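# Overview (structure and organization)
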Amino acid sequence: MVVKQKTALDWARLACDTLMNQYEPVKLPPADRWHYHQGVFLCGMYDVWKLTGEPRYFHYFKEYVDKLIDEEGNFYFARSELDAIQPGLLLLPLYQETKENRYKVAAAKLRHLLDTLNQTKEGGFWHKDKYPYQMWLDGLYMAGPFTIQYGQMFDEPELIDLVMEQERLMRKNTKKENGLYYHGYDESKKTPPWSTAKGHAPEVWGGRALGWYSMVTANFIEMLPEGHQKRAELKHVVKELIDALIEFQDEKTGLWYQVVDKADEQDNYLESSCSCLFTYAIAKAVNKGYIDRSYWANAEKAYQGLLENKVQLDEQGNFLLHDICIGTSIGTYDYYVHRDTSTNDLHGVGAFILASIQLAIGNEQGQ
């Protein structure tokens, strides 16, 4: 499907530029909302800006934030879910770059969600109020990186321990015998389809719960202070997960299935967003030295598989990424594989850009 040779950074730019040309920032779908869909895509754009220094990328994600947050730092956001915290990752660099107090005020509002969210008896945050007693892998990415960075920026180092405890609880309650992780767990064990004795979800959803977890654990390590006791533990967690993922990497394409460990099911399919996120995790782990350079071949194979099987250029040269699962709750196998897919859903495009930047960094380092 690919007709022209491009570098990974070229692909990241093209993905950004395609959507920038299609949407003014605040109209990224869902339009006019503070939402993690936009947050994931714009975090990818932030990485492009950091690598290239091109002002247009900075101004684009700044405009998204500025259209939603007023001069006093007030804005509308969902106050009962971890998802609302993720776009806060844009507030912190904006505050660092501009020193405008409204970004700090807005970030504090998101930080203090953690004081009001419901928790399991073990101290884990409910993913959303409408999912009582449920923790999802997704939530670690939605709230974890922002919380750690906020604590470091505004002198709340105890927030690191809070996030590390959330990760420990997820690992304790969702890890599967094959080294992968179920989508989440329900402490109450009362909500279908949580039929297992442990209360965990029935399936391993690649696109995107396990994808978020693979990415965020690789990211957590560098966020921790040197000498922090969790760094070594998380390096082991990341390597063990990547080893498990490689066992389920499609031999022909290098991609991963929507339900990761059920490739033999006829209606399962190779899903784009999880393939991007797993590629990111592998490449990031190699770039940071958490795993050895031999793993780089797996990241390259996956990235090439995306370009050959999921990426297309339209007649105008715009970037198209196909087979992205739409937003999804927890369900049975049939639920996951029959969820709608879309092209250029922000989940997938954001994940593709993030992966592309890690490939670009690795190629610069000579991986």
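Description of the structure in this document. All values reported here derive from a predicted model rather than from experimental measurement.

### Some thoughts on the layout of surface pockets
Here the largest pocket defines a volume of roughly 660 Å³. Around the largest pocket, the lining comprises 28 residues; the ones closest to its centre are Tyr46, Asp47, Lys50, Gln149 and Glu222. Split by residue class, the lining of the largest pocket holds 16 nonpolar, seven polar and five charged.

### Structural notes on empty space enclosed by the protein
Going through the model one piece at a time under the given rule, you end up with one cavity of 30 Å³ or more. In this structure, the largest cavity occupies an estimated 130 Å³ of space. Phe125, Gly139, Leu140, Ala143 and Gln166 are the residues nearest the centre of the largest cavity, which is lined by 14 residues in total. Those elements that place two or more of their residues in the lining of the largest cavity are strand 1 (134–136), helix 6 (138–153) and helix 7 (158–174).

### Regarding the packing of aromatic side chains
Enumeration over the complete set of coordinates arrives at 21 aromatic pairs. A ring pair is formed by Tyr46 and Phe61, whose centres lie 5.8 Å apart and whose planes are at 85°; its orientation type is edge-to-face. Here Tyr46 is found in helix 2 (residues 36–52), whereas its partner Phe61 is found in helix 3 (residues 55–68), with 15 residues between them in sequence. The buried category is assigned to Tyr46, whose relative accessible area is 18%. Note on Trp49 and Phe61: the rings are 6.3 Å apart at their centroids and 70° apart in plane angle, and the pair reads as edge-to-face. Of this pair, Trp49 sits in helix 2 while Phe61 is found in helix 3, placing the two residues 12 residues apart along the sequence. Across this residue pair, the class does not change: Trp49 and Phe61 are buried. Among the aromatic side chains, those forming a connected cluster through ring pairs are Trp11, Tyr303, Phe319 and Phe352. Over the ring of Trp11 we find Lys6; its NZ or CZ atom is 5.7 Å from the centre of that ring.

### Section: the side chain of Gln358
Its location among the elements puts Gln358 in helix 13 (residues 346–365). Setting aside chain neighbours within four positions, we find Gln358 in contact with Tyr280, Ala283, Lys284, Asn287 and Trp296.

### Some words on the packing of helix 4 (residues 88–98) against helix 5 (residues 101–111)
At a closest axis distance of 8 Å, the pairing of helix 4 and helix 5 adopts a crossing angle of 150°. With respect to helix 5, the axis of helix 4 lies roughly antiparallel. The two elements helix 4 and helix 5 meet at a crossing, and its hand is left-handed. The segment helix 4 lies against helix 5, with Gly88, Leu91, Leu92, Leu94, Tyr95 and Thr98 engaging Asn101, Tyr103, Lys104, Ala106, Ala107 and Leu110. For the contact of helix 4 with helix 5, the residue count by class is eight nonpolar, three polar and one charged.

### Concerning the nonpolar core
Side chains of nonpolar character tend, in soluble globular proteins, to be buried together. Of all hydrophobic cores here, the largest spans 135 residues; its most connected members are Trp34, Phe41, Leu210 and Phe352. No other element matches helix 13, which puts 10 residues into this core.

### Overview of a negative patch on the surface
A surface patch of like charges, here negative, comprises Asp264, Glu265, Asp267 and Asp334. Counting through the fold element by element, Asp334 comes out in helix 12 (residues 333–337). In this structure Asp334 comes out as partly exposed when scored by relative accessible area, which is 46%.

### Notes on the pattern of salt bridges
Counted under the stated rule, the structure contains 27 salt bridges. Where Lys50 meets Asp47, a salt bridge forms, and the shortest distance between an N and an O atom there is 3.6 Å. Here the residue Lys50 and the residue Asp47 both occupy positions in helix 2, the gap between them amounting to three residues, near one helical turn. When the shortest N-O distance is used, the salt bridge between Arg56 and Glu54 registers 3.1 Å. Residue classification places Glu54 among the buried residues on the basis of a relative accessible area of 18%. One salt-bridge network, held together by shared partners, links Lys62, Asp66, Glu71, Glu100 and Arg102.

### Considering helix 9 (residues 229–247)
Taking 1.5 Å per residue, 19 residues should reach 27 Å; helix 9 reaches 29 Å between its end C-alpha atoms and fits that length. Among all positions in helix 9, only Lys230, Arg231, Leu234, Val237, Val238, Leu241, Ile242, Ala244 and Leu245 are buried. Within helix 9, the buried residues cover an arc of 160° as seen down the axis, which keeps them to one side. In helix 9, those exposed residues whose orientation departs by more than 90 degrees from the buried face are Ala232, His236 and Glu247. Tucked inside the fold, the buried residues of helix 9 contact helix 7, helix 8 (206–223) and helix 10 (272–287).

### A word on the environment of Ala355
Inspection of the secondary structure puts Ala355 in helix 13. Ala355 sits 73 residues away from Ile282 along the chain, and the two C-alpha atoms are 9.3 Å apart. When near neighbours in sequence (up to four residues on either side) are disregarded, Ala355 contacts Cys276, Thr279 and Tyr280.

### Structural notes on helix 1 (residues 8–22)
Helix length check: helix 1 (15 residues) gives 22 Å between terminal C-alpha atoms against 21 Å at 1.5 Å per residue, within 8%. Of all 15 residues in helix 1, 11 are buried; the element is thus mostly enclosed. Among the residues of helix 1, Ala8, Leu9, Trp11, Ala12, Leu14, Ala15, Cys16, Asp17, Thr18, Leu19 and Met20 are the ones counted as buried. Tucked into the core, helix 1 has its buried residues touching helix 2, helix 3, helix 11 (296–309), strand 3 (311–313), strand 4 (319–321) and helix 13.

Here is what the cut-offs are and how they apply
Residues numbered from 1 in each chain as written. Predicted model: local features only at pLDDT ≥ 70, side-chain atom pairs only at ≥ 80, totals over all residues. Heavy atoms only, no water. 1 Å grid on protein atoms, 1.4 Å probe; cavity = no way out; pocket = protein on both sides within 12 Å on 5 of 7 lines; lining within 4 Å. Points joined across faces, edges and corners; volume = space filled by probe spheres on them. Nonpolar A, V, L, I, M, F, W, Y, C, P; charged D, E, K, R; others polar. Helix = DSSP H or I, 4+ residues; strand = E, 2+ residues; numbered from the N terminus. Phe/Tyr/Trp six-rings, centres within 6.5 Å; stacked < 30°, edge-to-face > 60°. Buried < 20%, exposed > 50% of the residue type's maximum accessible area, 1.4 Å probe, protein only. Lys NZ or Arg CZ within 6 Å of the ring centre and 35° of its normal. Contact = heavy atoms within 4.5 Å. Axes fitted to C-alpha atoms, helices over the stretch in contact; angles between N-to-C directions. Parallel < 35°, antiparallel > 145°, perpendicular 65-115°, else oblique. Left-handed = near helix turned anticlockwise from the far one by under 90°. Core = buried A, V, L, I, M, F, W, Y, C linked by side-chain atoms within 4.5 Å. Patch = residues over 30% accessible without salt bridge, like charges linked within 9 Å, V, L, I, M, F, W, Y side chains within 5 Å. Areas by Shrake-Rupley, 256 points an atom, 1.4 Å probe, with all protein chains shown as cover. Salt bridge = Lys/Arg side-chain N within 4 Å of Asp/Glu carboxyl O. Lys, Arg positive; Asp, Glu negative; His and termini not counted. Charge placed at Lys NZ, Arg CZ, Asp CG, Glu CD. Expected span 1.5 Å × (residues − 1). Arc of directions from axis to C-beta.

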